[in-house]
Amino acid sequence: MEVTADNAHWFADSFTRITDNVGQALLGKEEVIRLALTCMFAEGHLLLEDAPGTGKTALARAIAATVHGTHSRIQFTPDLLPSDITGVTIYDQRTGSWDFHKGPIFASIVLADEINRASPKTHAALLEVMEEAQVTVDGVRRETGRPFMVIATQNPVEQAGTYRLPEAQLDRFLMKEVPTYPRPSEEADVLDRISNGSFDQPVTGRPISTDDVEWLQRAAERVYVDPVIKQYIVALINTSRGGGPRPVPGLDRQVRVGASPRGGIALMKVAQAVALQANRTYVTPDDVGLLRHAVLRHRLVLTYDALADDIAPEAIIDAIFAAVPTP
């Protein structure tokens, strides 16, 4: 069943209301807030990368406070174990039975703070749950429930005590955003909030329920995507791998591994959510390209030459979109 015009209107109205609600806690971050909410309604996970102190954790906390469901926070450290995330089975001597104690991953919104400070072994604990919203412990599968979203923050890999995330885990994030420093006027507003004691006030307003989030996610799934648009997405993904209708000159010297099929799925799901924000029931080519940097920047594995030349993945993504004819 396709989404109706009334559904699209309610989605757009709800999206604006939630954006304004989260914006109470984050000054000058409307663009990042809209991207994060788009990620949530597209049933994806979000990775935020920047230097400490740029509001990454505050954004995740504000979204978690807006959704009237369960939320948890995991502080990733080098000594964090997989069982600290998923949970553990403990023997109860009083009852003579084994009881499973759920870990913090069992929540609607999970904040994975400084995710790249943990070891690759700990990262592996997230692979199943981020893909299937379930955890397998001692051979038993346990679902986390829906909606389920991981908002992870990470510091640049050049900083001390960080590990590079495996490509398999990076690919499970629907989008990756790099928040920027606030403008001087916005930093002044932050200082004013701190001085008058209102900086740590919680997000107010009517929170959205988990049932509403699921309904909005189902509405985004039903947005119409024309076969021509799907072929456009396939051509973009193939071009990132060196193929496509019009290959990008020099791409083989810049990209070692192109986007996976999951990247194409991400482009389509994000485009569907973007279309509903615009109060439309169908996807346009502009919807596909609007958030292309956030969807693809972490899916391209650059060559050593590209890294040495300091070539930004965003520039490569723009060249890929320029090479593929827009339908």
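The following paragraphs examine the structure supplied in this document.

Parameters at a glance
- Residues numbered from 1 in each chain as written.
- Predicted model: local features only at pLDDT ≥ 70, side-chain atom pairs only at ≥ 80, totals over all residues.
- Heavy atoms only, no water.
- 1 Å grid on protein atoms, 1.4 Å probe; cavity = no way out; pocket = protein on both sides within 12 Å on 5 of 7 lines; lining within 4 Å.
- Points joined across faces, edges and corners; volume = space filled by probe spheres on them.
- Nonpolar A, V, L, I, M, F, W, Y, C, P; charged D, E, K, R; others polar.
- Core = buried A, V, L, I, M, F, W, Y, C linked by side-chain atoms within 4.5 Å.
- Buried < 20%, exposed > 50% of the residue type's maximum accessible area, 1.4 Å probe, protein only.
- Contact = heavy atoms within 4.5 Å.
- Salt bridge = Lys/Arg side-chain N within 4 Å of Asp/Glu carboxyl O.
- Helix = DSSP H or I, 4+ residues; strand = E, 2+ residues; numbered from the N terminus.
- Axes fitted to C-alpha atoms, helices over the stretch in contact; angles between N-to-C directions.
- Parallel < 35°, antiparallel > 145°, perpendicular 65-115°, else oblique.
- Left-handed = near helix turned anticlockwise from the far one by under 90°.
- Pairing = 2+ DSSP bridges.

## Some details on the layout of surface pockets
Okay, so step 1: Size it by volume and the largest pocket reaches roughly 970 Å³.
Okay, so step 2: Lining the largest pocket are 31 residues; nearest its centre among them are Arg-164, Lys-176, Arg-297, Leu-300 and Leu-307.
Okay, so step 3: Broken down by class, the residue content of the lining of the largest pocket amounts to 16 nonpolar, four polar and 11 charged.

## Description of the nonpolar core
One recurring pattern in soluble globular proteins is that nonpolar side chains are buried together.
Okay, so step 1: Counting residues in hydrophobic clusters, the biggest one holds 70 residues, and the most contacted among them are Met-40, Phe-41, Leu-46, Leu-59, Met-175 and Val-288.
Okay, so step 2: Leave out the neighbours within four places in its chain, and Met-40 touches Ile-63, Val-67, Ile-109, Met-149, Val-213 and Gln-217.
Okay, so step 3: Ile-74, Ile-105, Ala-107 and Ala-118 belong to the second largest nonpolar core, which has 25 residues in total.

## What about the pattern of salt bridges?
Okay, so step 1: Counted under the stated rule, the structure contains 16 salt bridges.
Okay, so step 2: Asp-113 is the partner of Arg-73 in a salt bridge, and the nearest nitrogen-oxygen pair spans 2.7 Å. Of the two residues, Arg-73 sits in strand E3 (residues 71–75) while Asp-113 sits in strand E6 (residues 109–113), which places them 40 residues apart along the sequence.
Okay, so step 3: By relative accessible area, Asp-113 is classed as buried at 6%.
Okay, so step 4: Measuring nitrogen to oxygen at the nearest pair gives 3.2 Å for the salt bridge that ties Arg-117 to Glu-114.
Okay, so step 5: Several salt bridges converge on common partners, so that one network encompasses Glu-43, Arg-146, Arg-218, Glu-221 and Lys-269.

## With respect to the packing of helix H1 (residues 5–23) against helix H9 (residues 210–221)
Okay, so step 1: It is at 11 Å that the axes of H1 and H9 come closest, and there the two elements cross at 130°. By the criterion of interaxial angle, the relationship of H1 to H9 is oblique. Relative to H9, the crossing made by H1 is left-handed. Contact residues: Asn-7, Trp-10, Phe-11 and Ser-14 in H1; Asp-212, Trp-215 and Leu-216 in H9.

## Examining the sheet that holds strand E9 (residues 149–154)
Okay, so step 1: The parallel open sheet is built from five strands, whose spatial order is E3-E6-E9-E1-E10. Strands with a single pairing partner mark the edges of an open sheet, and in this sheet they are E3 and strand E10 (175–177). Looking at each pair of strands side by side, their axes are set apart by 15° on average, direction ignored.
Okay, so step 2: As judged from the four bridges shared by E6 and E9, these two strands associate in the parallel manner. By the bridge assignment, Ala-112 is partnered in E9 with Ala-152.

Bear in mind that shape data such as this cannot, by itself, settle questions of function.
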